[in-house]
Each structure stands twice: as structure tokens, then as C-alpha cells.
Amino acid sequence: MNIEKSRFLDWQKASAIAADYSTPCYVYDEATIERQAKAALAFPNAFGITVRYAMKAASNATVLKIFSELGLHIDASSAFEVKRAMLAGIPAENISLSSQQLPRNLDEIVAMGVKFNACSLHQLESYGRIARGSEVGVRINPGLGSGGTNRTNVGGPASSFGIWFEYIDKIKETAAKYDLKIIRIHTHIGSGSDPAVWQKVAKMSLDTVAMFDDVRILNMGGGFKVGRMSNEVSTDLQAVGAPVAKLVEEFYEKTGRKLHFEIEPGTFLMANSAAVLATVQDMVDTGKGGYEFLKLDTGMTDILRPSIYGAQHPISILSPKPETETREYVVAGHCCESGDILTPAPGDPEGLAPRRMLKAKIGDLCVIDGAGAYCSSMSTSNYNSYPAAAEVMLMKDGSARLIRRRQTLEQVLENEIS
Ligand SMILES: *Cc1c(COP(=O)(O)O)cnc(C)c1O
């Protein structure tokens, strides 16, 4: 098996960043972010497209600003994300909210001009009460899912996201009661890279759109799978999008309605746009027939996906010299938790899968790639009282900029009352 090589960090860049900001830290790569954003903006479409960055993937203001400057809008998952985006300077009208939990301050958010997708009948009813006579979107569960694992599946009967597709009448009833115009249909069903699946969901979504005369926007969410490991494949957006655009065009020929299209990628934009830079802080082995472990100064506090999904992330040891000697290691995180493993068996967080990499020694720098989406924003922050790691942006000009300081112990404790 080929050993994984770091995507955008070499020893020289990494050691400079480690010297300035210490480890562990997230290192984002502006060039990759921009490249992915441009690919998303080129998604095939018939009558115009809005690309919304699903900001829950990585929520740092600098990341939001880069996307905003490139012309992307925002998909927020909570009222707090809405506020966070606005604090980063994103105009309210460029933010769309689709949340599992109805915000207590929905009235305030709607009044600011944020666009709302009702994700349940209760949400639609609540929206109607505060914004009678206005325009709104609805998130539909089309009855089909396409997630990478059960835990990332957000469509089908086992998913609580959106309004079940058989309840269109109930949506219409509530809309009529509050004089609401349903102008957007939203069907985000989770990670998938299969053009046939997108085509199928697009058909189902257009059938739903046909049932609502006022709908002028179809939002099919995100879920474009990205290969983090070198043997995993990434979604070809052109291949996925072309048949969907064709269906939207056919819909126009049949109905005379030109639908504006929206996608909301998180993973696609960010997965390979950041790495965790760490240090090998210890090595142990469990004897003959056992394992050799590398212990890093990071772990589930900064990158939780391996522990909960058995997700695979490239891990590479950096060296100032060209090394060739390799070894198999199990890579462990720094938490006192047997599940804090960075090399689980694929899709099986309970299993260990020793990984071949360059021979390491204590003190070596280590890069965990594919850590841009759902890492910094989704971690067991402060477990074992480790402070949240610093975040650094590697700029296109080669310079490195601190975009979030490392948390201090005082900050971890600041809300405690004794
Ligand atoms: C999380 C989320 C996305 C992004 O999903 P990815 O798999 O990261 O592309 C898009 N839309 C909604 C509503 C989401 O909740």
C-alpha cells in the first residue's frame, strides 16, 4: 500500500507554523478553499445557481469571508450560526436557515431578512404565526437517503430531517391558514457522489415542486462526497450536475417555470482544505503480536470523525530529510479514552487498522489531512480539559496567518461559578 503524503504542508512550512503557533493546530489552505469554491460555482444549471456554504462544516469567520467574497451564500444550521455569519459581515439576505431546532428568536431572525426553510410541520406553523402572508421554503424528506454511513444519512424513513414527502397536503393546509407562499423546496439527503442518485432525487424533488405553484427555487442541499484518502474518489460535480440541469430544463418545457437552483456543499468545499498539524509525543508497543502506537498531541478533541464514523484520514510523518523507511502504526489521540484512535478500521470505529507510514520518532511533526470539514466545528472540545486548538490560514502568497488563538485554561473555566 502506498503511504499517504501530506496535501499542502511540507516539513518546511509545517515546522515554521509549529514554531510560531505550536501544535496541535488546524492549518487551512486558502488556495484549496478557492479552488473548491470555483468548482462549486461551476455546477451545471439551467436558469442560474446560488451556492450556499454549509457553514457547520467549518465556521471560522475568515473561512466565511473567503467564501462570501467569492460570491457564495450561507446555509446556517442554527440561529447561532446565523448570528455568527452576520458577525463575520455576511448580509442577512445571503443567509438561509435550515435547523433541527426552531430558534426561540425566529421572529428576530426573519425580521432581519434571513431566509427560512421550515424543516417540520411544527416549524411551518410557528413561522406562519410570526410571518403571516410571507414567502418561505420547506425542507422535504423525499423518502430516500444516500449517506455514507447510517450516521450521515439524512433522508429516508430513518431520518428526522424535513417534512415527510407524503404530507404535502398538510403543508398546503398550514400555508393556506397563514397565507404563506411556498417559494422554495429543499431536499438535502446526505453524502453521495453517484450521479444516478442525484438524478433520482432531482426527479422526486421536481415532482414535489410541481405540486406548489409558487415555488421558484429548488435547493438540493450538499452531500457531495470527497475522497480524503488517495484511494477514495471525489464527486465529479459536472457529472452529477449535468443530468440534473437537464431535468430542470425539461421541467421548464413542460410547465413554463424557470427554477433557480441552489446547492449547499459543506464537505465538498472544506474536506481537503485543512489539516491538523500535530506532534508525535510518545510511542508505546504492546509486545509481540501486539501493536506499535504513535501518540499524538491531538485526537478526538480536534478530530472526532475517526472515533464516531471510523472515518479514514491521511496521516503523514514529516521529516526534514528524505526518508524511505516505513512502519505500521496505530495512531492514538491524547485523550484517556480507548475510542480516541485516528486509525480505526474503515467504517468501524471499534476496530484498529495499523497504518503504514514513514518511521517516526518522538518529537516528529505529523499531519492529519482531510480535516477541514466537521473537525474544528465538531469535536469533543475541552474533553480532558484540553483547550481548543489554534487555527492558521496558509495564504495563497505562502504566508501563514493566525485566524483563531489557542484557547487558554482560563477560557475553558470562564463560565464556572464557585
Ligand atoms: C450539513 C448540511 C449540508 C452540507 O452537507 P455536506 O455533506 O457537508 O455537503 C447542506 N445542507 C444542509 C441542510 C445541511 O444540514
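Structural data are supplied above this passage.
These numbers were taken from a predicted model, which means no experiment stands behind them. All residue numbers refer to position in the chain's written sequence, counted from 1. Only residues with pLDDT of at least 70 are given local features in this predicted model, and only at 80 or more are side-chain atom pairs given and counted; all residues enter the totals for whole chains, interfaces and linings. Working from all heavy atoms in the structure, the side-chain values ignore hydrogens and water.

(A) Region of the structure containing the packing of helix α6 (residues 121-130) against helix α7 (residues 168-177). Interaxial angles span 0 to 180 degrees and are taken between N-to-C directions of axes, which are lines fitted to C-alpha atoms, for helices over the stretch in contact. Only runs of H or I of at least four residues qualify as helices and only runs of E of at least two qualify as strands under DSSP, and these elements are numbered from the N terminus. Packing of α6 against α7 leaves a shortest axis separation of 9 Å and a crossing angle of 10 degrees. Between α6 and α7, the angle is such that the two are roughly parallel. For the pair α6 and α7, the contacting residues are Leu121, Leu124 and Glu125 in the first and Lys170, Ile171, Thr174 and Lys177 in the second. Each residue is assigned to one class: nonpolar for Ala, Val, Leu, Ile, Met, Phe, Trp, Tyr, Cys and Pro, charged for Asp, Glu, Lys and Arg, and polar for all the others, Gly among them. Grouping the constituent residues of the contact of α6 with α7 by class yields 3 nonpolar, 1 polar and 3 charged. Put simply, angles under 35 degrees are roughly parallel, angles over 145 are roughly antiparallel, angles from 65 to 115 are roughly perpendicular, and the rest are oblique. Any two residues whose heavy atoms approach within 4.5 Å at even a single point are treated as in contact.

(B) Region of interest: the pattern of salt bridges. Here a salt bridge means any side-chain nitrogen of Lys or Arg lying within 4 Å of a carboxyl oxygen belonging to Asp or Glu. With the rule as written, the count across this model stands at 11 salt bridges. Glu125 serves as the salt-bridge partner of Lys177, at 2.8 Å between the closest nitrogen and oxygen. Of this pair, Lys177 sits in helix α7 while Glu125 sits in helix α6, and the two are 52 residues apart along the sequence. A residue is classified by how much of its surface remains accessible, and Lys177, at 49% relative accessible area, is partly exposed. Relative accessibility decides the category of a residue: with a 1.4 Å probe and only protein chains considered, values under 20% of the type maximum give buried, values over 50% give exposed, and everything between is partly exposed. Classification of Glu125 as buried rests on a relative accessible area of 17%. A salt bridge links Arg184 to Glu262, with the nearest nitrogen and oxygen atoms 2.9 Å apart. Taken together, the residues Arg184 in strand β8 (residues 181-186) and Glu262 in strand β10 (residues 260-263) connect sequence positions 78 residues apart. When sorted by exposure, Arg184 lands in the same class as Glu262, which is buried. Linked by salt bridges that have partners in common, Glu34, Lys38 and Lys396 make up one network.

(C) The pairing of strand β11 (residues 274-285), seen in detail. By this definition, two strands are paired if DSSP reports at least two bridges between them. In the sheet, strand β1 (residues 25-29) pairs with β11 via 4 bridges, with the strands oriented antiparallel. Counted as the bridge partner of Cys25 is Leu277 from β11. As judged from the 4 bridges shared by β11 and strand β18 (residues 365-368), these two strands associate in the antiparallel manner. Bridging from a neighbouring strand, Thr279 pairs with Leu365 of β18. Of the strand pairs in this sheet, β11 and strand β12 (residues 292-296) are connected by 5 bridges, and their pairing is antiparallel. Residue pairing for β12: Val280 is matched across the bridge by Leu296. Taking the residues that link successive antiparallel strands as the turn, the β11-β12 hairpin has 6 residues, and the phi of Gly287 there is positive, at about 75 degrees.

(D) Inspection of the nonpolar core at higher detail. Here, the term nonpolar core denotes a set of buried Ala, Val, Leu, Ile, Met, Phe, Trp, Tyr and Cys residues that are joined through side-chain atoms within 4.5 Å. Counting residues in hydrophobic clusters, the biggest one holds 98 residues, and the most contacted among them are Tyr28, Tyr53, Ile182 and Met270. In terms of residue count, the dominant contributor to this core is helix α9 (residues 237-255) (6 residues). Segmentation of the chain into domains, including their bounds, is taken from an automatic or database domain assignment. Counting residues domain by domain, this core receives three or more from each of domain 1 (11-27 + 271-413) and domain 2 (30-269). In terms of nonpolar packing, the next biggest core, distinct from the first, is built from 15 residues, Leu9, Ile17, Leu318 and Val392 among them.

(E) Examining unusual backbone geometry more closely. Following Thr23, the chain continues into Pro24 via a peptide bond in cis, with omega recorded as 0 degrees. Structurally, the position occupied by Pro24 is in the loop between α1 (11-21) and β1. Residue Ser22 is not a glycine yet carries a positive backbone phi of 65 degrees. By secondary structure assignment, the location of Ser22 is in the loop between α1 and β1.

(F) Region of interest: the site of the ligand. Every one of the 14 residues lining the ligand counts as a neighbour, but Lys56, Gly223, Glu264, Thr267 and Tyr374 are closest to it. Here a polar contact is taken to be a pair of N or O atoms separated by no more than 3.5 Å, where protein atoms must pair a possible hydrogen donor with a possible acceptor and residues adjacent in sequence count only if both atoms sit in side chains. In the environment of the ligand, an oxygen atom lies 2.5 Å from a nitrogen or oxygen atom belonging to the side chain of Tyr374. In short, Shrake-Rupley with a 1.4 Å probe defines the accessible areas, and a residue's cover is counted only from the protein chains shown. Contact with the protein chains hides 92% of the accessible area of the ligand, taken as 380 Å² for the molecule alone. Nearness here has a simple test: a residue counts as near a molecule or strand if at least one of its heavy atoms is within 4 Å of that partner.

(G) Spotlight on helix α4 (residues 79-87). Considered for burial, the residues of α4 that qualify are Ala79, Glu81, Val82 and Ala85. For α4, the arc enclosing every buried residue in end-on projection is 160 degrees, short of the 170-degree limit, so these residues lie on one face. Opposite the buried face of α4, by more than 90 degrees, sit the exposed residues Phe80 and Leu87. As for α4, its buried residues are in contact with α3 (61-69), β3 (73-76), β4 (95-97) and α5 (106-112). The positive-phi residue at the C-terminal boundary of α4 is Gly89, with phi of around 100 degrees. Along the arc lie the directions from the helix axis toward the C-beta atoms.

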